[in-house]
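# Topology and contacts: notes
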Amino acid sequence: MSTKRIWLTRSGIAVLCIIALAATLCASMLLPYFLARWISNIPMLAVISVLTFLMLSWAAARLCAHLWRAGSGARFAAQAAGLLTGVFAISLYCLVLKATPDPGAPAPFEDTRYWQLPTGSRIAYSEFDPPSGVAVNPDPIVYVHGGPGARQFPFDRLIYGSLAKEGFRVFLYDQAGSGLSDFLPNIRDYTIGRAVEDLEAVRMAIGAEKMILIGHSFGSTLAASYMAKHPGHVAKVIFHSPGHIWNLHEDQVDVSRTDQTTEGAPSLRMLAAYLLLERNPDAAQHLVSQRENEGLLAPLLHAEQGVLVCKGDSNRLPQLTSTAHDNPGFNGYVTQYMFPQTLSAAGDPHEALRKDHTPAILLYPECNYVPWSGAVDYRRTLPNLKIYFIPHAGHYIQFEQPDLMRRIMVAFLLDQPDVIPPVEGDEDPRLEMGALIT
């Protein structure tokens, strides 16, 4: 056999061995993933993964030794499989199985209080009351934060709490499993239906026949679902940079107008937990607790916070935490588990909302990463809704246009004339100002 032919043969064998090793690695990770549907015990899944790797790597090494015509194929296979399995097991532990330090709970606000709701949720909230001598409006304001899985942040308290000066009792609360509220024991309990019933329990806790809802992002989706399930209990509603009424997967984000300059990458441990969440939420939580999940998510939120403002406006972002690793109280499990639920036609609120004549406004900012089509859906669905387009503002309008945002809200709440003209028609207003990037 010529030297060239020998070289080609051995090169082919080497490539085959690399392919066999890659297939071994894939099989060792995929088998536990599929078995997680029925097995939530992480040590057991880890053992299955390692044993799978050991057996397949031994078979691959034996095959390669046979093709290479090594003298002692069995010995080579045993040594190679043992060494590779050791490296695999150590890597699996360090990158996936090893727990990260406890991030601790977010620091409470000085006015944080708790409701023990009849739904079983223990909910953290803050209340802002009108100044002495100001007449109190019978319909309190309840702020419904986004995410899902986010919380009431200090900048939410600043702008919405200020509405108490206009005579409104204002309540900001953290939804179950988020922020300062208690985690639900089972991730499966984080459903839109549960969140709706928690909001109804909040209404009863504050003793209001009707309340004014202000929903931000996913909070608007939740507010819409509440209105459909409990008609007659909402006096007015403000949708702030809303997610879609239903099917949140239609929110194809566009960050081209935002100041996002980096994109965070999840750790392998976090990625493994989210993959397991698709198969078995119990397995995901056994691998990464809800508290640890908040800590793992914190650096990603910190890296991508420029998405909340227009290009060049990152200097307007408030400082959520002192470092990128401080826990902001954002529970990613709630996000990942709730989003698929809005694909279910059984819970779609559109039909009920078409009959709802509650006064409503929608605030849509120029640099919003959530598509304009969602705002159009709200207008086509709710008979008594106006849309206001806010120039040079991102997903949280108050970062760049706090005064304009507050004036629009106050005018709506107090039945005053429009501060700015509402948007007419369904065409994206950014087309007229040349801001739409195609």
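Note that this is a predicted model, so its numbers are computed, not measured.

### Quick notes on the overall build of the protein
On a plain count of helices and strands, the protein comes out with 14 helices and 8 strands. Expressed as lengths along the three principal axes of its C-alpha atoms, the size of the protein is roughly 95 × 50 × 45 Å. Across the 438 residues of the protein, 51% fall into the buried class. If you take every contact in the protein between residues at least 6 apart in sequence, the share linking residues at least 24 apart comes to 79%. With an accessible surface of roughly 20200 Å², the protein has 60% of that area assigned to carbon and sulfur atoms.

### Some details on the nonpolar core
With 85 residues, the main nonpolar core has Trp-115, Tyr-173, Leu-213 and Phe-239 as its most contacted residues. Discounting residues that sit within four places of it in the chain, Trp-115 has contacts with Ser-121, Arg-122, Ile-123, Tyr-125, Phe-171, Tyr-173, Val-202, Ala-205 and Ile-206. Counting 27 residues, the second largest nonpolar core, distinct from the first, contains Ala-164, Phe-168, Ile-238 and Ala-393.

### Remarks on the side chain of Arg-430
With respect to the helices and strands, Arg-430 occurs in helix H14 (residues 429-432). Among the polar contacts listed, one links the side chain of Arg-430 to the side chain of Asp-428, at a separation of 2.8 Å.

### Brief notes about the pairing of strand E2 (residues 122-128)
Burial within E2 is extensive, with 6 of its 7 residues counted as buried. Between strand E1 (residues 113-116) and E2, which pair antiparallel and follow one another directly, the connecting turn spans 5 residues, one of which, Gly-120, has a positive phi of 105°. Inspection of the sheet shows E2 paired to strand E4 (residues 170-173) by 4 bridges, in the antiparallel sense. Each bridged residue has a counterpart across the sheet, and for Glu-127 the counterpart in E4 is Phe-171.

### Structural notes on the state of the cysteines
Counted by the stated rule, this structure contains 1 disulfide. Residue pairing for Cys-310: its cysteine sulfur links by disulfide to Cys-367, the two sulfurs lying 2.0 Å apart. The chirality of the disulfide connecting Cys-310 with Cys-367 is right-handed, given an S-S dihedral of about 105°. With Cys-310 in the loop between helix H9 (290-303) and helix H10 (332-338) and Cys-367 in the loop between strand E7 (360-365) and helix H12 (372-381), this residue pair connects regions lying 57 residues apart in the sequence. The buried category is assigned to Cys-310, whose relative accessible area is 2%. On the basis of relative accessibility, which here comes to 4%, the residue Cys-367 falls in the buried class.

Reading the values: rules and limits
- Residues numbered from 1 in each chain as written.
- Predicted model: local features only at pLDDT ≥ 70, side-chain atom pairs only at ≥ 80, totals over all residues.
- Heavy atoms only, no water.
- Helix = DSSP H or I, 4+ residues; strand = E, 2+ residues; numbered from the N terminus.
- Buried < 20%, exposed > 50% of the residue type's maximum accessible area, 1.4 Å probe, protein only.
- Contact = heavy atoms within 4.5 Å.
- Areas by Shrake-Rupley, 256 points an atom, 1.4 Å probe, with all protein chains shown as cover.
- Core = buried A, V, L, I, M, F, W, Y, C linked by side-chain atoms within 4.5 Å.
- Polar contact = N/O pair within 3.5 Å; in protein donor to acceptor, adjacent residues only side chain to side chain.
- Pairing = 2+ DSSP bridges.
- Disulfide = S-S within 2.5 Å.

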